[in-house]
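What follows is each chain in one-letter form.
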Amino acid sequence: MQNPLPHHPNLDCWLYASHCALPSAWAPKAVEDIVAKSIQRNASLEVTGALLFNGTRFVQFLEGPANGVAAIRQSILADSRHRNVTTFMTEQQSCRIFSNWSLAYAGPSVFISDKIENMVRNIPSASSEIIDMLRSFVF
Ligand SMILES: Cc1cc2nc3c(=O)[nH]c(=O)nc-3n(C[C@H](O)[C@H](O)[C@H](O)COP(=O)(O)O)c2cc1C
(Lines give C-alpha, C1' and ligand atoms only; values in the text may rest on other atoms or scores of the structure.)
Protein backbone atom coordinates (compact mmCIF):
# COMPACT_ATOMS: atom_id res chain seq x y z
CA MET A 1 0.00 0.00 0.00
CA GLN A 2 1.11 3.56 -0.54
CA ASN A 3 -0.07 7.14 -0.15
CA PRO A 4 -2.77 8.26 -2.59
CA LEU A 5 -1.21 9.19 -5.92
CA PRO A 6 -1.95 12.53 -7.56
CA HIS A 7 -4.62 12.34 -10.26
CA HIS A 8 -3.26 12.43 -13.79
CA PRO A 9 -5.88 13.04 -16.49
CA ASN A 10 -3.78 11.05 -18.94
CA LEU A 11 -1.99 7.93 -17.85
CA ASP A 12 0.17 6.00 -20.25
CA CYS A 13 -0.05 2.27 -19.97
CA TRP A 14 2.01 -0.58 -21.37
CA LEU A 15 1.18 -4.28 -21.51
CA TYR A 16 3.82 -6.75 -22.70
CA ALA A 17 4.94 -10.33 -22.45
CA SER A 18 8.51 -11.67 -22.57
CA HIS A 19 10.52 -14.84 -22.07
CA CYS A 20 12.58 -15.25 -18.93
CA ALA A 21 16.31 -15.56 -19.71
CA LEU A 22 17.29 -16.58 -16.17
CA PRO A 23 18.29 -20.17 -15.32
CA SER A 24 15.14 -21.77 -13.94
CA ALA A 25 16.68 -22.69 -10.58
CA TRP A 26 17.50 -19.03 -9.84
CA ALA A 27 14.55 -17.39 -11.48
CA PRO A 28 12.06 -17.21 -8.57
CA LYS A 29 14.61 -15.53 -6.27
CA ALA A 30 15.87 -13.24 -9.05
CA VAL A 31 12.30 -12.18 -9.86
CA GLU A 32 11.67 -11.38 -6.20
CA ASP A 33 14.73 -9.11 -6.27
CA ILE A 34 13.45 -7.44 -9.45
CA VAL A 35 10.06 -6.88 -7.81
CA ALA A 36 11.55 -5.47 -4.59
CA LYS A 37 13.58 -2.88 -6.54
CA SER A 38 10.72 -2.17 -8.93
CA ILE A 39 8.31 -1.36 -6.10
CA GLN A 40 10.64 1.43 -4.98
CA ARG A 41 11.41 2.81 -8.42
CA ASN A 42 7.80 2.61 -9.62
CA ALA A 43 6.60 4.42 -6.49
CA SER A 44 9.16 7.19 -7.01
CA LEU A 45 7.89 7.67 -10.59
CA GLU A 46 4.18 7.33 -9.63
CA VAL A 47 3.91 4.22 -11.77
CA THR A 48 1.65 1.34 -10.70
CA GLY A 49 1.09 -2.10 -12.20
CA ALA A 50 1.29 -5.85 -11.94
CA LEU A 51 3.64 -8.65 -12.95
CA LEU A 52 2.86 -12.30 -13.66
CA PHE A 53 5.57 -14.94 -13.96
CA ASN A 54 4.81 -18.55 -14.89
CA GLY A 55 8.36 -19.88 -14.65
CA THR A 56 9.26 -19.17 -18.28
CA ARG A 57 7.29 -16.12 -19.29
CA PHE A 58 6.59 -12.66 -17.88
CA VAL A 59 3.43 -10.64 -18.43
CA GLN A 60 3.51 -7.11 -17.08
CA PHE A 61 1.17 -4.14 -17.07
CA LEU A 62 2.37 -0.65 -16.10
CA GLU A 63 0.43 2.61 -15.88
CA GLY A 64 1.41 6.14 -14.89
CA PRO A 65 2.61 9.54 -16.11
CA ALA A 66 4.17 9.31 -19.58
CA ASN A 67 7.71 10.16 -18.46
CA GLY A 68 7.68 7.55 -15.67
CA VAL A 69 6.33 4.75 -17.85
CA ALA A 70 8.80 5.67 -20.62
CA ALA A 71 11.80 5.60 -18.26
CA ILE A 72 10.86 2.20 -16.83
CA ARG A 73 10.03 0.84 -20.24
CA GLN A 74 13.46 1.83 -21.53
CA SER A 75 15.11 -0.03 -18.64
CA ILE A 76 12.91 -3.10 -19.11
CA LEU A 77 13.61 -3.25 -22.86
CA ALA A 78 17.36 -3.16 -22.16
CA ASP A 79 17.22 -5.81 -19.42
CA SER A 80 19.03 -9.03 -20.37
CA ARG A 81 17.14 -11.05 -17.73
CA HIS A 82 14.40 -11.51 -20.29
CA ARG A 83 14.04 -11.48 -24.09
CA ASN A 84 11.45 -11.34 -26.87
CA VAL A 85 9.60 -8.45 -25.28
CA THR A 86 6.30 -8.29 -27.19
CA THR A 87 4.03 -5.30 -26.70
CA PHE A 88 0.29 -6.02 -26.60
CA MET A 89 -0.95 -2.58 -25.84
CA THR A 90 0.24 1.00 -25.35
CA GLU A 91 -2.67 3.26 -24.61
CA GLN A 92 -3.77 6.22 -22.58
CA GLN A 93 -6.31 5.75 -19.84
CA SER A 94 -7.88 8.18 -17.40
CA CYS A 95 -7.86 6.14 -14.21
CA ARG A 96 -5.60 3.56 -12.66
CA ILE A 97 -6.43 -0.13 -12.56
CA PHE A 98 -3.74 -0.99 -9.99
CA SER A 99 -3.91 2.18 -7.91
CA ASN A 100 -2.76 0.50 -4.68
CA TRP A 101 0.13 -1.42 -6.18
CA SER A 102 3.52 -0.04 -7.23
CA LEU A 103 4.04 -3.53 -8.61
CA ALA A 104 1.67 -6.32 -7.66
CA TYR A 105 3.31 -9.74 -7.84
CA ALA A 106 1.79 -13.02 -6.71
CA GLY A 107 4.90 -15.24 -6.95
CA PRO A 108 5.62 -17.85 -9.62
CA SER A 109 2.30 -19.14 -10.94
CA VAL A 110 3.02 -22.21 -13.00
CA PHE A 111 -0.62 -23.30 -13.16
CA ILE A 112 -1.57 -20.33 -15.34
CA SER A 113 1.01 -21.27 -18.00
CA ASP A 114 -1.51 -22.59 -20.50
CA LYS A 115 -3.69 -19.57 -20.11
CA ILE A 116 -0.78 -17.19 -20.69
CA GLU A 117 0.46 -19.15 -23.70
CA ASN A 118 -3.01 -19.13 -25.24
CA MET A 119 -3.42 -15.46 -24.65
CA VAL A 120 -0.07 -14.36 -26.03
CA ARG A 121 -0.75 -16.29 -29.22
CA ASN A 122 -4.03 -14.48 -29.57
CA ILE A 123 -2.68 -10.93 -30.04
CA PRO A 124 -4.23 -8.35 -29.91
CA SER A 125 -7.69 -9.40 -28.80
CA ALA A 126 -6.29 -10.81 -25.57
CA SER A 127 -5.20 -7.51 -23.98
CA SER A 128 -8.31 -7.00 -21.89
CA GLU A 129 -8.36 -10.67 -20.95
CA ILE A 130 -4.75 -10.46 -19.77
CA ILE A 131 -5.45 -7.36 -17.69
CA ASP A 132 -8.48 -9.12 -16.18
CA MET A 133 -6.26 -12.05 -15.27
CA LEU A 134 -3.66 -9.76 -13.69
CA ARG A 135 -6.45 -8.13 -11.70
CA SER A 136 -7.81 -11.46 -10.56
CA PHE A 137 -4.40 -12.30 -9.13
CA VAL A 138 -4.03 -9.22 -7.03
CA PHE A 139 -7.54 -8.31 -5.89
C1 LIG B 1 10.34 -8.87 -16.24
C2 LIG B 1 10.93 -7.63 -15.66
C3 LIG B 1 10.09 -6.66 -15.12
C4 LIG B 1 10.63 -5.50 -14.57
N5 LIG B 1 9.78 -4.56 -14.05
C6 LIG B 1 10.28 -3.41 -13.57
C7 LIG B 1 9.43 -2.40 -13.05
O8 LIG B 1 8.19 -2.52 -13.01
N9 LIG B 1 10.00 -1.27 -12.57
C10 LIG B 1 11.35 -1.09 -12.57
O11 LIG B 1 11.80 -0.03 -12.13
N12 LIG B 1 12.19 -2.02 -13.05
C13 LIG B 1 11.69 -3.18 -13.54
N14 LIG B 1 12.54 -4.14 -14.01
C15 LIG B 1 13.99 -3.93 -13.87
C16 LIG B 1 14.51 -3.00 -14.94
O17 LIG B 1 14.67 -3.73 -16.15
C18 LIG B 1 15.86 -2.36 -14.52
O19 LIG B 1 16.80 -3.34 -14.18
C20 LIG B 1 15.71 -1.43 -13.32
O21 LIG B 1 14.60 -0.61 -13.45
C22 LIG B 1 16.96 -0.52 -13.15
O23 LIG B 1 17.03 0.34 -14.25
P24 LIG B 1 18.40 0.60 -15.03
O25 LIG B 1 18.96 -0.75 -15.37
O26 LIG B 1 18.02 1.40 -16.25
O27 LIG B 1 19.26 1.34 -14.05
C28 LIG B 1 12.03 -5.30 -14.56
C29 LIG B 1 12.86 -6.28 -15.12
C30 LIG B 1 12.32 -7.44 -15.66
C31 LIG B 1 13.23 -8.47 -16.25
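Right, let's walk through the structure included here.

1. Side note on the packing of aromatic side chains
- The tally for this structure, following the rule as stated, stands at three aromatic pairs.
- On the numbers, 4.8 Å between centres and 25 degrees between planes, the contact of F53 with F58 is stacked. The same class applies to F53 and to F58, which are both buried.
- Both rings, one in F61 and one in F98, keep their centres 5.8 Å apart while their planes meet at 55 degrees; by these two values the pair is tilted. Here F98 lies in the loop between β4 (82-93) and β5 (104-105) and F61 lies in strand β3 (residues 57-64), a separation of 37 residues in the sequence. Neither F61 nor F98 differs from the other in exposure class; each is buried.

2. Section: the sheet that holds β3
- What the five strands build is an open sheet, ordered β4-β1-β3-β2-β5; its pairing is mixed. With partners counted over all chains shown, the strands left at the sheet margins are β4 and β5, one partner each.
- Of the strand pairs in this sheet, strand β1 (residues 11-20) and β3 are connected by eight bridges, and their pairing is antiparallel. Counterpart to Y16 in the pairing with β3 is Q60.
- Contacting β1, β3 and β4, helix α2 (residues 66-77) runs over the sheet at an angle of about 10 degrees to β1.
- Running at roughly 90 degrees to strand β2 (residues 48-53), helix α4 (residues 127-138) makes contact with β1, β2, β3, β4 and β5 of the sheet.

What counts as what
- Residues numbered from 1 in each chain as written.
- Predicted model: local features only at pLDDT ≥ 70, side-chain atom pairs only at ≥ 80, totals over all residues.
- Heavy atoms only, no water.
- Phe/Tyr/Trp six-rings, centres within 6.5 Å; stacked < 30°, edge-to-face > 60°.
- Buried < 20%, exposed > 50% of the residue type's maximum accessible area, 1.4 Å probe, protein only.
- Helix = DSSP H or I, 4+ residues; strand = E, 2+ residues; numbered from the N terminus.
- Pairing = 2+ DSSP bridges.
- Contact = heavy atoms within 4.5 Å.
- Axes fitted to C-alpha atoms, helices over the stretch in contact; angles between N-to-C directions.

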